[in-house]
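# Chain and residue survey
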2 protein chains.
Amino acid sequence: MATMADVARSAGVSVATVSHVLNGTRPVLPHTRQAVLDAVEQLGYTPNTLARSLVTARTRSIGLAVSAISNPYFTEILQGVEAAALEHGYSLLIADPHDDPAHERTVVQLLHERRVEGMIVAPSPEPGGLLAYLRRHRVPAVFLDRLVGPPADDGPPLFDQVCAESTEPITGLVTHLAGLGHRRIGLVAGLPGLSTTTERITGYRLGLAASGLPFDERILVHGDSEAAGAERATGELLRLGSRPTALITANNAMTIGALRALQAHGLSVPGDIALCCFDDFAWADLFSPRLTAVSQPSRDIGARAVRMLLDRLADPGRPTRTERLPCSFVHRTSCGCPEERNPS
Amino acid sequence: MATMADVARSAGVSVATVSHVLNGTRPVLPHTRQAVLDAVEQLGYTPNTLARSLVTARTRSIGLAVSAISNPYFTEILQGVEAAALEHGYSLLIADPHDDPAHERTVVQLLHERRVEGMIVAPSPEPGGLLAYLRRHRVPAVFLDRLVGPPADDGPPLFDQVCAESTEPITGLVTHLAGLGHRRIGLVAGLPGLSTTTERITGYRLGLAASGLPFDERILVHGDSEAAGAERATGELLRLGSRPTALITANNAMTIGALRALQAHGLSVPGDIALCCFDDFAWADLFSPRLTAVSQPSRDIGARAVRMLLDRLADPGRPTRTERLPCSFVHRTSCGCPEERNPS
DNA sequence: CTGTTAGCGCCTTCAC
DNA sequence: GTGAAGGCGCTAACAG
């Protein structure tokens, strides 16, 4: 493969000159400049980013570590991240931690060994090892989706965070259902311990309170944040003596799981039971039940994460912040409303 | 950041020894070995892959360039690729060509400058620039999904390819619908020129022929391979004097578009019109219409692509091959069949 | 068994 | 306006 030295030789100049015309880093006579460009073209020279990075100590790459790349929510985030990264001249390295703390540590280290300048990660439920690694190696990072507790006392918090506002939207779902007359509204919540789970449960309880409904722990089940768990949990809910008349699912994977359970029990939505969910589906308008949902600004979350990361790279000393992006309520018919209309 | 020299100094050995214990590349006395390991641990040393790659001329990374990462089909491919890459110790760089030939060239060059050892790409409809670049720079590559014509005469073909078998499955869809009594079966085909489009049209015509039905070019429309185009094309189809009684869509994005058009026209599936599609949806069992579909082995396609690429890296001289993976027919109810049963 | 040394391809002072 | 030379962090001969 042609190197810069080859180009220099072929153009009859020094490597320094080649480097400078390629990077526009110092004035070069039009004539010599053209000679270099011709040589580049003729040899099919392609700069070696590795060598450059070795000396500049900048790779212009960022790492993305999110689990379940199959999840449409993360897919949209990925799009936002990819687009924003490219726009800023950064390349994207991706790795899937598979929601396993140990594997998470591994892939993060892999990314770091490749010297990504920073990483965007959706932390696993047990992010201890992750945090330790990032802090120890001073890897700039921004967390996505799930927030990680308050910073340790032994120094300033190292991490920025972006996520969607989820408490209030869930409250809205509850009050909407209550407004339709439902008095037993079940919740299929996510993995205990995740910040998203906690927030959504809070939103649920606030909604119940606002509607003058009692909190009944028997109809709050944990679906482990994914489809299989939600199917199981929903199944249990449905076998209850006095089953709920409405259901809220706390993320898209669990919505799928809940629907499976509903189908298995021969229940139709919204005829037999109303359903509202957190996370929208792109095609939700086209199939029935047409899901009434809270839609997260997934692409924006991804794009925002990139911007926050680049901000931090530009100024490592800036104070950490956690940004919350607003969701929108997408009213359809799975809640039992006959027609589309604005939320009450 | 700690370097190997730091570790060597701290452990009281030479950098060569450090390198060797880290890579297990030559025997080292247990005692010195431990000293090195301790130093590594104490300094929080992390190898710099860039420097290593510069000397070994191996990056152990591959690039993935596919458009529309949002498309569930590509998402599953991505999963397959990510898993297979990791399994073989490779990292993954991704870039979205946005189905634009110029941009495709750009991202491919970006990937190459980062010295990925090879790349997996779903070529754009106009892959001329892509091919030229890959050949000129001798970048090992395997193509996905869309096949690229026969190799030029000026040398052996450079590229391996993987895709799903799509002719025969589409034929199956046609004969299935014909078997249900349909005599006007429309096709929403993809972008003209893509191998996938050509193959699927061939399958369509074969199916018509096998069913003793005439080919009517008015009910074969081009949906440009994506949702918006399909919506428009399907709309035109529906405004036809004698509209088809059944529809086949040639990929998942176009299925969405077609459904939108159907909805806009107030047509229900399968009541007013039957629908079969190429590409399945993971959640298709849970919503209605429950789509009768041809399912591609997407994950396998991704994994297979990685394996082919690694095979080629291992033996650059091996003959090029193009692999076709079989699809499966997933019978549901959008075709108009009352109950699930095996295809006729 | 371990150390010394010469690059890998490039950027960047410092001279000219 | 251009060139020479050192060094980024690491591996791989080659000595010892």
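See the structure above.
Residues numbered from 1 in each chain as written. Chains lettered and ligands numbered in written order. Predicted model: local features only at pLDDT ≥ 70, side-chain atom pairs only at ≥ 80, totals over all residues. Heavy atoms only, no water.

### What to know about the protein's contact with DNA strand C
Taken together, 26 residues sit near DNA strand C, with A:M4, A:Y45, B:T17, B:R26 and B:L29 positioned nearest. Within 4 Å of the protein, the contacting atoms of DNA strand C are 63% sugar and phosphate, with bases supplying the remainder. Between DNA strand C and the protein, one listed contact pairs a phosphate oxygen with a side-chain N or O atom of A:Y45 at 2.4 Å. For DNA strand C, a phosphate oxygen lies 3.3 Å from a polar atom in the side chain of A:R52. Of all the elements in the fold, those that place two or more residues in the surface near DNA strand C are α2 (15-23) and α4 (49-56) of chain A together with α2 (15-23) and α4 (49-56) of chain B. (Near = heavy atom within 4 Å. Polar contact = N/O pair within 3.5 Å; in protein donor to acceptor, adjacent residues only side chain to side chain. Helix = DSSP H or I, 4+ residues; strand = E, 2+ residues; numbered from the N terminus.)

### Focus: the interface of chain B and chain A
Each partner contributes to the interface: chain B provides 50 residues, whereas chain A provides 50 residues. Regarding the contact of chain B and chain A, the summed buried area is about 4800 Å², with carbon and sulfur atoms giving 61% of it. Here chain B is connected to chain A by 2 salt bridges. A salt bridge links B:R136 to A:E41; its shortest N-O distance comes to 3.4 Å. For the pair chain B and chain A, the interface holds 27 residue pairs in polar contact (both at pLDDT 80 or more). Of the residues contributing to the side of chain B that touches chain A, the split by class is 22 nonpolar, 18 polar and 10 charged. (Contact = heavy atoms within 4.5 Å. Buried area = accessible area lost by both parts, 1.4 Å probe. Salt bridge = Lys/Arg side-chain N within 4 Å of Asp/Glu carboxyl O. Nonpolar A, V, L, I, M, F, W, Y, C, P; charged D, E, K, R; others polar.)

### Some details on the protein's contact with DNA strand D
Surrounding DNA strand D, one finds 25 residues, the nearest of these being A:T17, A:R26, A:L29, B:M4 and B:Y45. Restricting attention to atoms of DNA strand D within 4 Å of the protein, one finds that 67% of them are sugar or phosphate atoms. A:T17 is positioned such that a nitrogen or oxygen atom in its side chain is 2.6 Å from a phosphate oxygen of DNA strand D. In the environment of DNA strand D, a phosphate oxygen lies 2.9 Å from a nitrogen or oxygen atom belonging to the side chain of B:S19. For the surface near DNA strand D, the elements supplying multiple residues, two or more each, are α2 and α4 of chain A together with α2 and α4 of chain B. Looking at which element gives the most residues to the surface near DNA strand D, the answer is α4(B), with 4 residues. Here the surface near DNA strand D is composed, by residue class, of 13 nonpolar, 9 polar and 3 charged.

### Things to note about the relation of the copies chain B and chain A
Least-squares fitting of chain B to chain A yields an RMSD of 0.1 Å, with the transformation described by 0.0 Å of translation along the axis and a rotation of 180 degrees. Taken together, the rotation angle and the small translation identify this as a two-fold axis. Among all C-alpha atoms of chain B, that of B:L93 lies closest to the rotation axis, at 2.3 Å. Taken together, the interface assignments show that 100% of the residues at the interface of chain B recur at the interface of chain A, consistent with an identical surface on both copies. (Least-squares fit on C-alpha atoms with pLDDT ≥ 70 in both.)

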